[in-house]
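Residues per chain, in single letters:
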There are 2 protein chains.
Amino acid sequence: MHTHVVIMAGGIGSRLWPLSTPDVPKQFIDVLGVGRTLIQLTADRFAPVCRPQNFWVVTGERYVSLVREQLPDIPADQILAEPEGRNTAPCIAYAAWKIQQKDPEANIVVTPADALVLKTFAFADTIKKALTFTEVYDAVVTVGITPSRPETGYGYIHAAEAVQGKVVKVSEFKEKPDLPTAEAYLADGHYFWNAGIFVWKASTIMEEMRTYAPQIAGVMDRLAPSFGTEGETAALKELFPTCEKVSIDYAVMEKSDLIHVIAADLGWSDLGSWGSIKEHLEPDADGNTVVGGDVRLFGCKDCFVHAAEEKTVVVEGLEGYIVAESNGRLLVCRLSEEQRIKEFSA
Amino acid sequence: MHTHVVIMAGGIGSRLWPLSTPDVPKQFIDVLGVGRTLIQLTADRFAPVCRPQNFWVVTGERYVSLVREQLPDIPADQILAEPEGRNTAPCIAYAAWKIQQKDPEANIVVTPADALVLKTFAFADTIKKALTFTEVYDAVVTVGITPSRPETGYGYIHAAEAVQGKVVKVSEFKEKPDLPTAEAYLADGHYFWNAGIFVWKASTIMEEMRTYAPQIAGVMDRLAPSFGTEGETAALKELFPTCEKVSIDYAVMEKSDLIHVIAADLGWSDLGSWGSIKEHLEPDADGNTVVGGDVRLFGCKDCFVHAAEEKTVVVEGLEGYIVAESNGRLLVCRLSEEQRIKEFSA
């Protein structure tokens, strides 16, 4: 009854251009061609954990109507609109202060809107275990993903015990490693990918923010009297942009003493690159992966064609390329160069 | 006053897929991005030769509205709709029989709708000379283009004299040659590209068809009483498809004794391939050619990007490729493989 889910849906997804654009970022798109957008898939996977009345979404003002459309079961007043993006700490604080006012005993899961989890049963089980733990203890629990490869694109959580499926203390957070370090992490068994999923009581995270992010906590305390009144939007417009622009990892996770992790193999991906999406789709015998109705490949190898809006696509003689069309925008680019997409599309 | 221009606009343009499609073939498209479609450019270049009231278009039924839209000055009853395509001989016959009924002294130019002529003054001059010739003589005059390269993609006209700018007899028509033959033609000076442009009096071509294509002439004689009546469409639907499906070249040009040619350097191209269009556009320093508003190339060489409908196009790391988007269809293909486009898009 006191469980709440907060979906953070404020991202721009610039690495997946042209599929993802500032008008319709990736969380609102059916990236995998499965008939559900990423934010819908996110809500789906929390259904066993929490009733829809206790779902909250924090997003940009311009995306509120997209959220209402795609998640009609979430109460309209629980779709929180940030006047501008100030990174994750103010976003999480705003949700925590709002929820705590409504339900002082609230026990909260915070999740990004745009990641993929393939093992949804194990996921629900993991989240429930974390919630049971935070219900009892004043703890900040992160979800760690058992690494399947020496990935250099993710941050890592160094767990005090190399144990999965139960909540243990965190030794340290690690930034994106180089390849030898990532290989050492993989071999060690104490290191897990940081999925950016957090579990805590509202009272716990508020207390931690008062301690480690007092500027943001101060803004929220000034905002709180307006919550639920006609003045909330105006107050938010005035005060929210004054919050320090900082991630929850930097503001709290790397400083608090309450940090725990529950690790599991969840088939998780942040879908943060064309390459990471390609990995989750079935390739043909030549390593080509396709999302789109009528896509015809001739002499192609290891390509990723994503063109769901095109009637017909013909690609001839390419190896290792992304071909993506969406929103009247077209990208042809080597997969090996995809980290430059932000520069190309700027 | 007796000059008439017949624009043949029945082609499908399958080699320029996806720019050209059966719904909107290339003659109705602004292929070069100059603000006028190919059929409009064709009409423009005949303006010095003939008043709009004497223009005729023969096209497929489904394209009549496109012709009306794009060439509003042409009288509606001079847009002739073929119930089905039967190649050029029946098309030309239908126009000749129609025109002759209206103007027995008609002197006619027949032209494809979808070619390019860069030297429009020389072109008008050449056509006028041919018309003056056919006004006086019972002659079939073709327009020959001075070859600028040993092109293997065109048919050739072997002229009796290696003279340009005046009407001379034709020795022979030659099919598309192999490269050594094309090189010999170029060196010889008697060989000109066959542009598919013909000049003759209505009475002359009707006589030649009665002699060399009597089946088609017979159908036209049966059709003629319905011309201009309510029964024309029904009669056409019934009889036109019974015409032998044959080109004017095969039916008449290769057999008649009246065949002449007037050759000139006209900057002509049939725009029959992506490569031939690329040649007529200005490349950048890396040999890339672009049609489209916001096309961004990174590390590309000798590419042709044609994507006028896309808002933004990014292409990275390609050499010698066509990237074309149109009508919700996308092609990425090596220029060297473009003869396979018909197969790819079928």
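That block above? That's the structure.
The following paragraphs examine the structure supplied in this document. (Residues numbered from 1 in each chain as written. Chains lettered and ligands numbered in written order. Predicted model: local features only at pLDDT ≥ 70, side-chain atom pairs only at ≥ 80, totals over all residues. Heavy atoms only, no water.)

Examining the overall build of chain A
For chain A, the count of helices and strands is 11 helices and 17 strands. In terms of overall size, chain A behaves like a compact globule, its C-alpha atoms giving a radius of gyration of 21 Å where 346 residues would be expected to give roughly 20 Å. Per-residue burial for chain A yields a buried fraction of 58% across its 346 residues. Here the analysis covers contacts within chain A between residues at least 6 apart in sequence; of these, 67% occur between residues at least 24 apart. For chain A, the computed accessible surface area is about 13900 Å², with 51% contributed by carbon and sulfur atoms. Within chain A, one finds 32 positive and 48 negative side-chain charges whose respective centroids are separated by 2 Å. (Helix = DSSP H or I, 4+ residues; strand = E, 2+ residues; numbered from the N terminus. Rg over C-alpha atoms; globule rule 2.2 N^0.38 Å. Buried < 20%, exposed > 50% of the residue type's maximum accessible area, 1.4 Å probe, protein only. Contact = heavy atoms within 4.5 Å. Areas by Shrake-Rupley, 256 points an atom, 1.4 Å probe, with all protein chains shown as cover. Lys, Arg positive; Asp, Glu negative; His and termini not counted. Charge placed at Lys NZ, Arg CZ, Asp CG, Glu CD.)

As for the environment of A:Ile205
All names here are of chain A. With respect to the helices and strands, Ile205 occurs in helix 6 (residues 202-212). When the C-alpha positions of Ile205 and Met1 are compared, they lie 19 Å apart, and in sequence the two are 204 residues distant. Among residues more than four places away in sequence, those in contact with Ile205 are Ile92, Ala96, Trp200, Ile248 and Val252.

Let's talk about the relation of the copies chain A and chain B
You can overlay chain A on chain B at an RMSD of 0.1 Å; the transform is a turn of 180° with a shift of 0.1 Å along its axis. One copy is carried onto the other by what is essentially a two-fold rotation axis. With an isologous cut-off of 70% or more, the 100% of interface residues of chain A that recur at the interface of chain B puts this contact in the isologous class. (Least-squares fit on C-alpha atoms with pLDDT ≥ 70 in both.)

Considering the side chain of B:Ser276
Relative to the assigned elements, B:Ser276 resides in helix 10 (residues 274-278). Of note is the side chain of B:Ser276, whose polar atom sits 3.2 Å from the backbone nitrogen of B:Gly272. (Polar contact = N/O pair within 3.5 Å; in protein donor to acceptor, adjacent residues only side chain to side chain.)

Re the pairing of strand 10 (residues 259-264) of chain A
Within a regular strand, the side chains alternate between the two sheet faces. Residues and elements named next belong to chain A. Across the 6 residues that make up strand 10, a large majority, 6, are buried. Neither face of strand 10 is exposed, since Ile259, Val261 and Ala263 on one face and His260, Ile262 and Ala264 on the opposite face are all buried. Pairing of strand 6 (residues 140-145) with strand 10 involves 6 bridges; the strand directions are parallel. The residue of strand 10 that forms the bridge with Val140 is Ile259. Pairing between strand 8 (residues 167-174) and strand 10: 3 bridges, direction antiparallel. Following the sheet pairing, Val168 is matched in strand 10 by Val261. (Pairing = 2+ DSSP bridges.)

Here we look at the pattern of salt bridges
Oppositely charged side chains can form a pair if their charged atoms are brought close together. One pass over the full model with this rule turns up 40 salt bridges over all chains. A salt bridge links A:Arg149 to A:Glu279, with the nearest nitrogen and oxygen atoms 3.7 Å apart. Here A:Arg149, found in the loop between strand 6 and strand 7 (156-159), pairs with A:Glu279, found in the loop between helix 10 (274-278) and strand 12 (289-291); they are 130 residues apart in sequence, far enough to count as distant. As a salt-bridge pair, B:Asp270 and B:Arg15 come within 3.9 Å of each other at their nearest N and O atoms. Taken together, the residues B:Asp270 in the loop between strand 11 (268-269) and helix 10 and B:Arg15 in the loop between strand 1 (3-9) and helix 1 (38-46) connect sequence positions 255 residues apart. Among the residues examined, B:Asp270 registers a relative accessible area of 19% and is labelled buried. Put simply, A:Glu316, B:Arg334, B:Glu337, B:Arg340 and B:Glu343 are held in one network by salt bridges that share partners. (Salt bridge = Lys/Arg side-chain N within 4 Å of Asp/Glu carboxyl O.)

Focus on the sheet that holds strand 12 of chain A
Two strands in a sheet stick together by hydrogen bonds in their backbones, pointing the same way (parallel) or opposite ways (antiparallel). Spatial ordering of the open sheet is given by 12(A)-14(A)-16(A)-17(A)-15(B)-13(B), a layout of 6 strands whose pairing is mixed. The two strands at the open ends of the sheet, each matched to only one other strand, are strand 12 of chain A together with strand 13 (295-298) of chain B. The average undirected angle you get between the axes of adjacent strands in this sheet is 5°. Relative to strand 17 (residues 329-334) of chain A, strand 16 (residues 321-326) of chain A runs antiparallel, the two being bridged by 6 bridges. (Axes fitted to C-alpha atoms, helices over the stretch in contact; angles between N-to-C directions.)

A word on empty space enclosed by the protein
Residue and element names in this part refer to chain A. For the coordinates displayed, the defined rule picks out 1 cavity of 30 Å³ or more. In this model, the largest cavity occupies a volume close to 40 Å³. Looking at the largest cavity, the residues that line it are Val6, Ile92, Ala95, Ala96, Ile99, Ile108, Val110, Trp200 and Ile205. The biggest single contributor to the lining of the largest cavity is helix 3 (residues 88-102), with 4 residues. Taken together, the residues of the lining of the largest cavity break down into 9 nonpolar, no polar and no charged. (1 Å grid on protein atoms, 1.4 Å probe; cavity = no way out; pocket = protein on both sides within 12 Å on 5 of 7 lines; lining within 4 Å. Points joined across faces, edges and corners; volume = space filled by probe spheres on them. Nonpolar A, V, L, I, M, F, W, Y, C, P; charged D, E, K, R; others polar.)

What about the packing of helix 3 of chain A against helix 6 of chain A?
Residue and element names in this part refer to chain A. Between helix 3 and helix 6, the shortest axis-to-axis distance is 9 Å and the interhelical angle comes to 130°. Accordingly, the angle class assigned to the pair helix 3 and helix 6 is oblique. Pair helix 3 / helix 6 crosses with left-handed handedness. Across the interface between the two elements, Ala89, Ile92, Ala93, Ala96, Trp97 and Gln100 from helix 3 touch Ala202, Ile205, Met206, Met209 and Arg210 from helix 6. (Parallel < 35°, antiparallel > 145°, perpendicular 65-115°, else oblique. Left-handed = near helix turned anticlockwise from the far one by under 90°.)

Structural notes on the interface of chain A and chain B
With 29 residues of chain A in contact, the opposing surface of chain B contributes 29 residues. The contact between chain A and chain B buries some 2500 Å² in all, and 51% of this surface belongs to carbon and sulfur atoms. When the buried surface of chain A facing chain B is broken down by residue, A:Val314, A:Glu316 and A:Leu330 rank first, second and third, together holding 27% of it. In this assembly, chain A and chain B are joined by 4 salt bridges. (Buried area = accessible area lost by both parts, 1.4 Å probe.)

Quick look at a negative patch on the surface
Taken together, the side chains of A:Asp284, A:Asp286, A:Asp302 and A:Glu319 present a region of like negative charge at the surface. Topologically, A:Asp302 is positioned in the loop between strand 13 (295-298) and strand 14 (304-306). (Patch = residues over 30% accessible without salt bridge, like charges linked within 9 Å, V, L, I, M, F, W, Y side chains within 5 Å.)

Section: helix 7 (residues 214-223) of chain A
The α-helix winds at 3.6 residues per turn, so residues separated by three or four positions along the chain end up facing the same way. Of all the positions in helix 7 of chain A, only A:Ile216, A:Ala217, A:Val219, A:Met220 and A:Leu223 are classed as buried. Down the axis of helix 7 of chain A, the sector holding all buried residues measures 160°, keeping them to one side. (Arc of directions from axis to C-beta.)

So, the packing of aromatic side chains
A full pass over the atoms with the stated rule returns 26 aromatic pairs over all chains. Between the aromatic rings of B:Phe198 and B:Trp200, the centroid separation amounts to 5.5 Å while the plane-to-plane angle is 5°, which identifies the pairing as stacked. This pair shows no difference in class: B:Phe198 is buried, exactly as B:Trp200 is. Through a chain of ring-to-ring contacts, three or more aromatic side chains come together here, namely A:Tyr94, A:Phe227 and A:Phe240. (Phe/Tyr/Trp six-rings, centres within 6.5 Å; stacked < 30°, edge-to-face > 60°.)

Remarks on the pairing of strand 15 (residues 312-316) of chain B
In terms of burial, strand 15 of chain B is largely enclosed, as 5 of its 5 residues are buried. In strand 15 of chain B, alternate side chains face the same way, and those of B:Thr312, B:Val314 and B:Glu316 on one face and B:Val313 and B:Val315 on the other are all buried. The pairing of strand 17 of chain A with strand 15 of chain B spans 4 bridges and is classified as parallel. Bridged to A:Leu330 within strand 15 of chain B is B:Val313. Inspection of the sheet shows strand 13 of chain B paired to strand 15 of chain B by 4 bridges, in the parallel sense. Each bridged residue has a counterpart across the sheet, and for B:Arg296 the counterpart in strand 15 of chain B is B:Val314.

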